[in-house]
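Working through the structure, step by step
In case you want the letters, here they are:
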Amino acid sequence: MIEVNRQGEVWVFAEAEGGELSDVPLELLSKGRELSDKLGVPLGAVLLGGDKIAPLADTLIAHGADKIYMVCDAKLDHYQTAPYSHVICNLIEARKPQIVMYGATPIGRDLAPTIASAAKCGLTADCTDLQIGDHKPPGDDTVHKNLLFQIRPAFGGNIIATIVNYDRWPQMATVREGVMVMPESDESRTGEVVECEAGLDDIEVPLEIIESVRREKKVNLKGARIIVSGGAGVGGRDNFELIHELARCLGAEVGGSRAAVDLGYVSHDHQVGQTGTTVRPALYIACGISGAVQHRAGMEEAGKIIAINIDPEAPIFQVAHMGIVGDMNVVIPKLIKAIRSGASITQGAAD
Amino acid sequence: MGYNCVVCVKQVPDTKRITGEAMQEDGTVNRAALPAIFNPEDLNALEEALAIREAHGGTVTAIAMGLPAACEVLREALYRGADRAILITDRRAAASDTLATSYILSCAIGKLQADIVLCGRQAIDGDTAQVGPQLAEKLSIPLITYLEKLDALDGDTITIERNVGNGFEIVRAKLPVLVTVMDTANTPRPPAARRIMKFKKARSCAEIEKMAEGLLMGDYEDYTAELQAGEVEKHCARLEEKGLLIEQWDLDYLEADLSWCGRGGSPTKVHRIQSVVLKGGEYKEYAGDDTGVNELVASLIKDHTIG
């Protein structure tokens, strides 16, 4: 734990694998930029890895970072909890940042709690928003100014909690993928690269990695402009083919509610919601999805939401912009027909 | 050789089954109306431990931190095959965040000489997935998150396949280790009827005290004249003789540093809680017939959402 340090920087953990940055540290830089500007402190990115990471520093600077703390060591080539947490704890101890953010990825959710435990500081998981604000503890007249408001859904998405951490710093949070906007890259930005010692010579790496296999993600929900999702109301694996067909004719990605995934209609890669992917497409079509909070938490930021459900009381209609009350098995074929002919009409008009 | 497995289990409100009864008029959730259940992924952790005992021998200890009501999940662990159940309960542990919780659990596990500590990946009430990693750090043992499959356990070496989201990794480590277990790792066995018969009367001292005060009268058939007479200790001793006493540890027994426990030991504080209320906005309904569908599609094409 470090003392409260108002001059401390805002840091982002720049998760990288195989010499490539994932999307989430870049998303974090957009939020980090906003927070550090508000606090009037530099925005730092912590970049760890083997010998392939040096070129990534420029990408981080172009996306908003002022300082890159770069640590290269063979023991950091592949992510492992112990050496990564050791290096970052030392950096925190030495440079006393006031805020450290991590992506709520499998790596971030393994690393951040380990660091929080070692540093004896607070950590809030899976934040969907971060703000700067003041906090007055109950029964205490002290107002703690300019704290990090760590905002997250809790209790299965039924409440939104704002968490603060005012006495044991740094203030740390993991942030859900896809909820922060990806910043534009600006090649003209300049920044400083600070090369730091790993200090791992005496550290034993406890895990031996026998095999490591990464598969290309076949489903790209986060990047999709249109998503067609099905829920339990689809009624069967065969009926789910209709969802795929509608998606194909719109050039859309296929999503599913947790219920649809649990019922085996579609694989977990497609799951939208609290325990799946958070999406913000231009158009989201929810078919046979009742709209449990866990699902809504992952899609309510969509530009336009269309709900098709046989139950007029389904909560999904309350977040939808457009809706059809009816059996999706009847409605979707009509939709497909209308879209196909509608598209040809538009084309005809353009000629 | 056998392995001593310690499984951390948590009693949680069933946030995934929010039915009409739990929904309040204003669209928020009445938490008290939700049933308390065994955290789902902790069942997977327990199953993994039971499978290790079956294959290699050893013991399975289930440990829960919470109110005396959490004994319900400990009994459930006994029904499913755990050898021993320990409740950590203490008013001074209330309002612990994940850091304080992992500290208290580490004090308890420090007394148990565990070879393998197993936790569910995360609990469905907080979904933080933090206690497992923090507990490993506090115990200074290697952390292996997201266990998908136990590949091998040989002497003091464990080999595990872990699910890293976009693929998998096979890692090897020397015991002791802490693993967090995914819900996809296994199918938890159901409670055994024979064990239910045996352990349904297993109780912790805190429960027995409540029974003696008559507070749990309706819930327990074994509310006896002995208890009515306030003879709690005698009753506890009899349960212990029969192997039916759920051990109960408090912070004094754990020799925990109180400054790291409970609200005071928790760096994270709640600034505000807001209920999620369904947002209402502009909404247009279309008919499910050809006319309605065509109208809807036409409006999407018109504003360039599609086409």
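The residue numbers shown here count from 1 along each chain, following its written sequence. Chains carry letters and ligands carry numbers; both start at the beginning, A for chains and 1 for ligands, and go up in the order they are written. In view of the model being predicted, local features appear only for residues whose pLDDT reaches at least 70, and side-chain atom pairs are presented and counted only at 80 or more, with totals across whole chains, interfaces and linings using the full set of residues. Hydrogens and waters are ignored; side-chain quantities use all the structure's heavy atoms.

1. Quick notes on the overall build of chain A
This is how it is decided: Secondary structure counts use DSSP, requiring at least four H or I residues in a row for a helix and at least two E residues in a row for a strand, with both numbered from the N terminus. Partly exposed describes any residue whose relative accessible area lies between the buried limit of under 20% and the exposed limit of over 50%, with all areas from a 1.4 Å probe on protein chains only and scaled to the type maximum. Contact definition: two residues touch when any of their heavy atoms are within 4.5 Å. Surface accessibility in these figures is a Shrake-Rupley result with a 1.4 Å probe; residues are shielded only by whichever protein chains are displayed. For this count, His and the chain ends are skipped, Lys and Arg are scored as positive, and Asp and Glu as negative. The location of each charge is read from NZ of Lys, CZ of Arg, CG of Asp or CD of Glu.
For chain A, the helix and strand inventory stands at nine helices and 18 strands. With the C-alpha coordinates aligned to their principal axes, the bounding extent of chain A is approximately 65 × 50 × 45 Å. Looking at chain A as a whole, 58% of its 351 residues qualify as buried. When contacts within chain A are restricted to residue pairs at least 6 apart in sequence, those whose partners lie at least 24 apart make up 65%. Accessible area of chain A: about 13,900 Å², with a carbon and sulfur share of 48%. Side-chain charges of chain A comprise 32 positive and 47 negative groups, with the mean position of each set lying 6 Å from the other.

2. A word on the packing of helix α3 (residues 81-95) of chain A against helix α4 (residues 108-119) of chain A
To describe two helices that pack against each other, one gives the angle between their axes and the distance between the axes. All names here are of chain A. This is how the line gets drawn: Axis definition: a line fitted to C-alpha atoms, over the contacting stretch in the case of helices. Angles run 0 to 180 degrees between N-to-C directions. Each angle gets one of four labels, with under 35 degrees taken as roughly parallel, over 145 as roughly antiparallel, 65 to 115 as roughly perpendicular, and the rest as oblique. With the far helix as reference, a near helix turned anticlockwise by less than a right angle produces a left-handed crossing, and one turned clockwise produces a right-handed crossing.
Direction vectors running N to C along α3 and α4 enclose 50 degrees, while the axes themselves pass 9 Å from each other. Considered as vectors, α3 and α4 are oriented oblique to each other. α3 and α4 meet at a crossing whose hand is right-handed. Here Thr-81, Tyr-84, Ser-85, Ile-88, Cys-89 and Ile-92 of α3 lie close against α4, whose contacting residues are Asp-110, Leu-111, Thr-114, Ile-115 and Ala-118.

3. Overview of the nonpolar core
For soluble globular proteins, nonpolar side chains are generally found buried alongside one another. Defined as follows: Put simply, a nonpolar core is a bunch of buried Ala, Val, Leu, Ile, Met, Phe, Trp, Tyr and Cys residues held in one set by side-chain atoms that sit within 4.5 Å of each other.
Counting 48 residues, the largest nonpolar core has Ile-116, Leu-118, Ile-144, Ile-158 and Val-179 of chain B as its most contacted members. Among all residues touching Ile-158 of chain B, those that are not within four sequence positions of it are Ile-116, Ile-144, Leu-150, Ala-152, Leu-153, Val-171, Arg-172, Ala-173, Leu-175 and Val-177 of chain B.

4. Some thoughts on the sheet that holds strand β8 (residues 129-135) of chain A
Rules: Pairs of strands are assigned from DSSP output, requiring at least two bridges between the strands.
The four strands are arranged β8(A)-β9(A)-β10(A)-β13(B) in an open sheet whose pairing can be described as antiparallel. Single-partner strands in this sheet number two, and they are β8 of chain A together with β13 (269-275) of chain B. Across the sheet, the axes of successive neighbouring strands diverge by a mean angle of 30 degrees, strand direction being ignored. In this structure, strand β9 (residues 144-154) of chain A lies alongside strand β10 (residues 159-164) of chain A, joined through five bridges in antiparallel fashion. By the bridge assignment, Gln-150 of chain A is partnered in β10 of chain A with Ile-163 of chain A. Contacts from helix α1 (residues 23-39) of chain A reach β8 and β9 of chain A, with the element oriented near 20 degrees to β8 of chain A.

5. What to know about the interface of chain B and chain A
As a reminder, the rule being used: Here the buried area means the combined drop in accessible surface, using a 1.4 Å probe, for two parts upon being joined, counting both sides. By convention in these notes, a salt bridge is any Lys or Arg side-chain nitrogen within 4 Å of a carboxyl oxygen on Asp or Glu. Two N or O atoms form a polar contact when they lie within 3.5 Å of each other; inside protein one atom must be a possible hydrogen donor and the other a possible acceptor, and for residues adjacent in sequence the pair counts only when both atoms belong to side chains.
Counting residues at the interface gives 74 residues for chain B and 79 residues for chain A. Buried surface at the junction of chain B and chain A, both sides included, amounts to about 6,600 Å², of which 57% is carbon and sulfur. Taken together, the links from chain B to chain A amount to four salt bridges. Between Glu-169 of chain B and Arg-214 of chain A there is a salt bridge, with its nearest N and O atoms 3.5 Å apart. Run the count over chain B and chain A and you get 27 residue pairs in polar contact (both at pLDDT 80 or more). Where the side of chain B that touches chain A is concerned, the elements lending two or more residues are α4 (131-139), β7 (143-154), β9 (167-174), β13, β14 (284-286) and α10 (290-302) of chain B.

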